[in-house]
Structures are given as C-alpha cells and as structure tokens.
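Next come the chains, spelled out residue by residue.
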Amino acid sequence: TRRSNRRRVSVPPEVFYPKDRGDMMWLSPEKRPIALKKDDFLYGVAAMGQQGMGKTAHMASMSAALLNSSPEFGSLICDPKGDLARAALSYLSPDRKVRYIDFNNPEVGIDPFLLANARDEQAIVNVVLHGIIDVARTEEDESQIMASSKDFLTNAIFATLTTTVPFGLRPTMFHLRKWISTDPENIKWQKQLLTEVIAHRPDRHFIVDAYAEFHSSLERSEAQFTTRAAAPLNKVAELCGEAVDRIIRHPNALNLEECILNREVIIVNGRNHKSADLVFRFLWQMVDQALGRIESETPRQEERPKFLFVVDESPAILTPTTSQIIARRRSAGLHMMLGWQHDAQIQNPKVLSTLRSLLQNVFQFRTSPEDARERVDLMQMTYDDQQDSRLREIRTNRVSVADLINADRFVFYVAQLVDGNRVPTYWGTTINPKDRPNHSAAHLLDQAADHGQTVDILAAPDLVGQSAKARQRMLFDPPTFPSVTEADDYARPLMETVGIDFEAELLAAMDGRV
C-alpha cells in the first residue's frame, strides 16, 4: 500500500457540501463533494501549480459547476493551449448557450470594432487603443508605444471609424494600418479622405488638424516620424495576420456586449497558436468596456449580469492595465479565475501584488520551494490536536513548505473564503473527468445550426474602392452628420448583421432633412 505523505488536516465545518453532485467542484480527503459558494467567487479564484498536476481540469470543473447552476452568469473562458477549453465545452450543460472559437477552425469570431452595435465610438477607440498598447508590451512589461505614438494611434482609430461606419463599411485593422502608414501612396490616400470626407464632419476636425501636423512633421523629418509610427504599425500588421484576421474579421462576428447581457458562455481555444495572446488581450479590453457600459446604463446592481472571466496560463495577458481592470470592475459583476504555474512568470511586481490581494480563494498544487514559502504564509493557520494520554493541546502548523513541495498529483491545498470569511486551510482532490458527462458534440451542433461557418483565409478589403465609395457618397448622397453638440448622440450603425438597417437609417435622416 502506498504511504501518503500528507498529514491529517480536518476540513473546516464552514465549507459548503452541495446536495446535488452536479454542483461539486472538488473532493474532500474523505471524498465528500465540496463547492465554492457562488457569492465567494466574487473574491476571485487563483489556481497555481506545476504542469500535469490537474490544475486545468480543476478550473474547468469549478467554472462548469458554477455556470451550470447559475443562469445569471455569463462567461468568457480563454485558453491558449486547449485543454481547459475542451474540458469546459464538455462539462457545460446543454442548457447553456455556448459560443466556441477554435483558432484552427473558427465558426464564429470576435471583432474589437463591434461593440455596443458600434454606437459608442469612444468605447471602440478605447478597446482598440489599449488592446494594441498591451499587445506591444515587451517581456519587461513596458509598452513599445510611447505617448506621442499613442496620440497618433488614437487619431488613426477615430479616422478609421469616421470613414467607414457612416457609409455602411466595416472598419478593420487593414483600414487602421493604412491610416498609420507613412508610405507615400498611403499618405495620398489619407489626404484624400481627410479633405473630402472628414473635413465635412464638424465634430471630427481634430483628426484633420492632427494629421496636418503629422504630415508636416513627416515632410520635415521623415526618420523621426517613421519611428513614431513604427511601433503601432508593427503591432497592427501582426493583427492583420491570417490566423488572427480569421477571428476578428469573421463574417459571423459576435457582439461581446450582447453576449454578456444574454448570459452566454464564450470559449476561446488558442490551440498553442503564437497569436492567441493578441486576441485574448483585445477580449480583455472588450470585457472592460462592455462591463463599464452595462454598469453605467443599469444602476441597480441586482439587474446586471454576473460575468466569470477564466484564463489558464494567464501571465501572457497580465499587464498593469489588466490588473487595474480586475480592481475596478468587481462592482460591475466581474468574477475572475486565473491559472498559472509559478509566480516568476508574472514579472511585474505590482501586477503580482494585485493578484495576491484580489484573488482570495487560492488552490495551490505542487510547486517550487520559492513559491511554497510565499504561499505558506497565507495557509499557515493552526489547529489544536490532542496528542497524548494527558490530552495536552499541541498547536501545529496546518500546512508546511514541504507539504506544498511534495503534494501528490491531483491534490491541492485550499485557502478559501466561506461567506466572505477566511477558513482554515485543508487539502482536497480534483474530480475525475470520467465522472462527468460529455456535452461537447451537443454544443458544437447547436453552434453550427446557429449560423456557425468555417472560413478560409480572408481576402484583404478593397480599401481604395471603399474610400472612393465614401468620397462619392459625400458628393452626391452624404449621410447626416451631427453638429459638435449632437455628436455624442449620433447613432453609428456598423452593419446589418448587428440588427441595424443602415439604408433605412439613411433614408429616415434624409426625409427629416427635407
């Protein structure tokens, strides 16, 4: 018989034992089902440990159990490798509406320009701007896009939206790349649109003024201006790559805000693709903007959707920006579950400090001596044990560094909250995947029936032809643009697939003008 290296540690009486085995998330040492109460998910979940210890299966089990029993939750599950994505797809009940994005064969996509039915232009600018800034971060966690490049990029995003959306065109990263380019032919293209389209928008004159300065600077010092544009241009070019382009320019692109409001579950399987992290960082920015809009438009907290954001191998998306989002969006219904292998993966000490503070339900699998010493400070609560015939009370550490270093496979130590209060640490085990039904086929069939379609490599949009269309419309049939004071209320439909008939809107505006 194999001898266990785990000391006897009693499970605190406060923990929640669900009556329905479908709600179980892990097992006690006595094999009793245990679950984290849904209200305690608000305090965040961290699952950490070395490869092959069962961390990913445990995250899938916890997230699926919560979502299956809580229809008020929507979720976004991001997995750069694929194990978590496949397990979550399998465990989720067929009653849940699931959108599954597979990097190898996407049937649906996520477009960062498609947010709030394209009616909140500033929100879209924030998503694209901060997404690109985060994409440009180096291993030292410093963004290659400095202040001057950021201003340039902001104006380029506004220019992209201004010359596409009002004309029924879909804005893309290809448009943005052309607005950033310093190539002479692209500069000519920019000037045509600035003069013939944007100059007629009284609320967008700041774009004309900014580009006049940029073009003047380019003429005076081409090398300096090209350097300013290089960092954002390189990152936008990566986003135009084939794999990412199939996701963010997919014909069946999801509106993330609508998915959150409808309490849907989105699963993204990165398939170990090198560009998966780029999409995940944009998704993170979209979640931030969508939750912010929902919070401002729904004052009563009980009416807002709750949202679970799950990321395995999360250090790739953990930047100072993302840690700030975690801190400020909890009131908007954000619940976080993050997994990583060891703390050294998170190089920014402020980000690591934020995670330790905000992710208060900790599941620690086998780890290194360095991480074990850090974690044992949280877990080293004590208990009273009657050891000898005199019933003398001996106070003993519940968890030691050696326990965390030598934990068996599929065993973890739990430092959790119950009803918002810390309870003593104990150890538990993961649930065998064979004990759960597999619903993957049902979810994939539902998605295929709901307009899911695979796409090959997408042809680049005809930017020259589209710009000619916009310029011609301005001459013969211009859309009604708002005055400066009306700009905030201007509805900017993006395309008919989001439920807005652009031509009907245009005709209504023209009738009102007559």
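What counts, and where the lines are drawn
- Residues numbered from 1 in each chain as written.
- Predicted model: local features only at pLDDT ≥ 70, side-chain atom pairs only at ≥ 80, totals over all residues.
- Heavy atoms only, no water.
- Helix = DSSP H or I, 4+ residues; strand = E, 2+ residues; numbered from the N terminus.
- Contact = heavy atoms within 4.5 Å.
- Areas by Shrake-Rupley, 256 points an atom, 1.4 Å probe, with all protein chains shown as cover.
- Buried < 20%, exposed > 50% of the residue type's maximum accessible area, 1.4 Å probe, protein only.
- Core = buried A, V, L, I, M, F, W, Y, C linked by side-chain atoms within 4.5 Å.
- pLDDT = per-residue confidence, 0-100.
- Axes fitted to C-alpha atoms, helices over the stretch in contact; angles between N-to-C directions.
- Parallel < 35°, antiparallel > 145°, perpendicular 65-115°, else oblique.
- Left-handed = near helix turned anticlockwise from the far one by under 90°.
- Salt bridge = Lys/Arg side-chain N within 4 Å of Asp/Glu carboxyl O.
- Polar contact = N/O pair within 3.5 Å; in protein donor to acceptor, adjacent residues only side chain to side chain.
- Phe/Tyr/Trp six-rings, centres within 6.5 Å; stacked < 30°, edge-to-face > 60°.
- Lys NZ or Arg CZ within 6 Å of the ring centre and 35° of its normal.

## Quick word on the overall build of the protein
Part 1 of the argument: The secondary structure content of the protein amounts to 18 helices and 17 strands.
Part 2 of the argument: Nonlocal contacts in the protein, meaning residues at least 24 apart in sequence, comprise 77% of its contacts between residues at least 6 apart.
Part 3 of the argument: Carbon and sulfur atoms provide 48% of the accessible area of the protein, an area that totals close to 22400 Å².

## Topic: the environment of Gly270
Part 1 of the argument: Along the chain, the position of Gly270 falls in the loop between β8 (265-269) and α11 (276-297).
Part 2 of the argument: Taking relative accessible area as the criterion, Gly270 reaches 0% and is therefore assigned buried.
Part 3 of the argument: Taking the C-alpha atoms as reference points, Gly270 and Phe280, ten residues apart in sequence, are found 8.9 Å from one another.

## Some remarks on the nonpolar core
Part 1 of the argument: Ranked by internal contacts, the top residues of the largest apolar core, which has 139 residues, are Trp26, Met173, Leu176 and Ile267.
Part 2 of the argument: Counting residues per element, this core draws most heavily on α11, which supplies twelve residues.

## Quick look at the confidence of the model for the protein
Part 1 of the argument: Across the protein, pLDDT averages 85, with 84% of residues at or above 70.
Part 2 of the argument: Every residue in residues 382-395 scores below 50 in pLDDT, and together they form 21 contacts with partners more than four places removed in sequence or on other chains.
Part 3 of the argument: Taken together, the stretch residues 483-500 has pLDDT below 50 and engages in 45 contacts with residues farther than four places along the chain or on a different chain.

## Description of the packing of helix α6 (residues 184-196) against helix α17 (residues 463-476)
Part 1 of the argument: The N-to-C vectors of α6 and α17 enclose an angle of 20°; their axes lie 10 Å apart at closest approach. Looking at the two axes, α6 sits roughly parallel to α17. Crossing hand, α6 versus α17: left-handed. The residues of α17 that touch α6, namely those facing Trp189, Gln192, Leu193 and Glu196, are Leu463, Val464, Ser467, Arg471 and Met474.

## Things to note about the pattern of salt bridges
Part 1 of the argument: Across all of its chains, the model carries 30 salt bridges by this definition.
Part 2 of the argument: One salt bridge connects Arg375 with Asp343, and the closest N-O pair in it is separated by 3.0 Å. A residue pair is termed long-range when its members are at least 10 positions apart, and Arg375 in helix α14 (residues 369-379) and Asp343 in the loop between β10 (334-340) and α13 (349-358) qualify at 32 residues.
Part 3 of the argument: For Arg375, a relative accessible area of 6% translates into the label buried.
Part 4 of the argument: With a shortest N-O distance of 3.7 Å, Glu374 and Arg356 are connected by a salt bridge. Placement of Glu374 in helix α14 and of Arg356 in helix α13 is noted, with a sequence separation of 18 residues between them.

## Some thoughts on the side chain of Asp312
Part 1 of the argument: Here Asp312 lies in the loop between β9 (306-311) and α12 (320-328).
Part 2 of the argument: Asp312 sits in the buried class, given a relative accessible area of 2%.
Part 3 of the argument: Polar contacts involving the side chain of Asp312 include one to the side chain of Thr56, which spans 2.7 Å.
Part 4 of the argument: In this view, Asp312 contacts Lys55, Thr56, Met59, Cys78, Asp79, Pro80, Leu84 and Gly339; residues no more than four positions away in its chain are not counted.

## Overview of the environment of Ile133
Part 1 of the argument: With respect to the element layout, Ile133 can be found in helix α3 (residues 121-135).
Part 2 of the argument: The buried category is assigned to Ile133, whose relative accessible area is 10%.
Part 3 of the argument: With 148 residues separating them in the primary sequence, Ile133 and Arg281 have C-alpha atoms 9.6 Å apart.

## A closer look at the packing of aromatic side chains
Part 1 of the argument: Following the criterion strictly, the structure yields eleven aromatic pairs and no others.
Part 2 of the argument: Ring geometry for Phe152 and Phe214: centres 4.8 Å apart, planes at 80°, overall edge-to-face. With Phe152 in helix α4 (residues 147-162) and Phe214 in helix α7 (residues 205-220), this residue pair connects regions lying 62 residues apart in the sequence.
Part 3 of the argument: We classify Phe152 as buried; its relative accessible area is 2%.
Part 4 of the argument: Ring geometry for Phe365 and Phe412: centres 5.1 Å apart, planes at 50°, overall tilted. Within this pair, whereas Phe365 is found in the loop between β11 (361-364) and α14, its partner Phe412 is found in strand β14 (residues 411-415), the two being separated by 47 residues in sequence.
Part 5 of the argument: In this structure Phe365 comes out as buried when scored by relative accessible area, which is 0%.
Part 6 of the argument: Through successive ring pairs, a cluster of aromatic residues spans Phe152, Trp179, Trp189, Tyr211 and Phe214.
Part 7 of the argument: Its guanidinium or amino end placed over the ring of Tyr17, Arg32 lies 3.7 Å from that ring's centre, counting from NZ or CZ.

## Brief notes about unusual backbone geometry
Part 1 of the argument: Phi is positive for Arg271, close to 55°, though the residue is something other than glycine.
Part 2 of the argument: Among the secondary structure elements, Arg271 is positioned in the loop between β8 and α11.
Part 3 of the argument: Relative accessible area serves as the criterion here: at 36%, Arg271 is assigned to the partly exposed category.
Part 4 of the argument: In the Ramachandran plot, His451 falls in the positive-phi region, its phi being about 65° despite a non-glycine side chain.
Part 5 of the argument: Mapped onto the fold, His451 is located in the loop between α16 (440-449) and α17.
Part 6 of the argument: A residue is classified by how much of its surface remains accessible, and His451, at 61% relative accessible area, is exposed.

## A short note on the packing of α3 against α11
Part 1 of the argument: Running from N to C, α3 and α11 point in directions that differ by 145°, and their axes come no closer than 9 Å. At the point where α3 passes α11, the crossing takes the right-handed sense. Facing α3, whose interface residues are Ala123, Asn126, Val127, Val128, His130, Gly131, Ile132, Asp134 and Val135, α11 presents Leu278, Arg281, Phe282, Gln285, Met286, Gln289 and Arg293.

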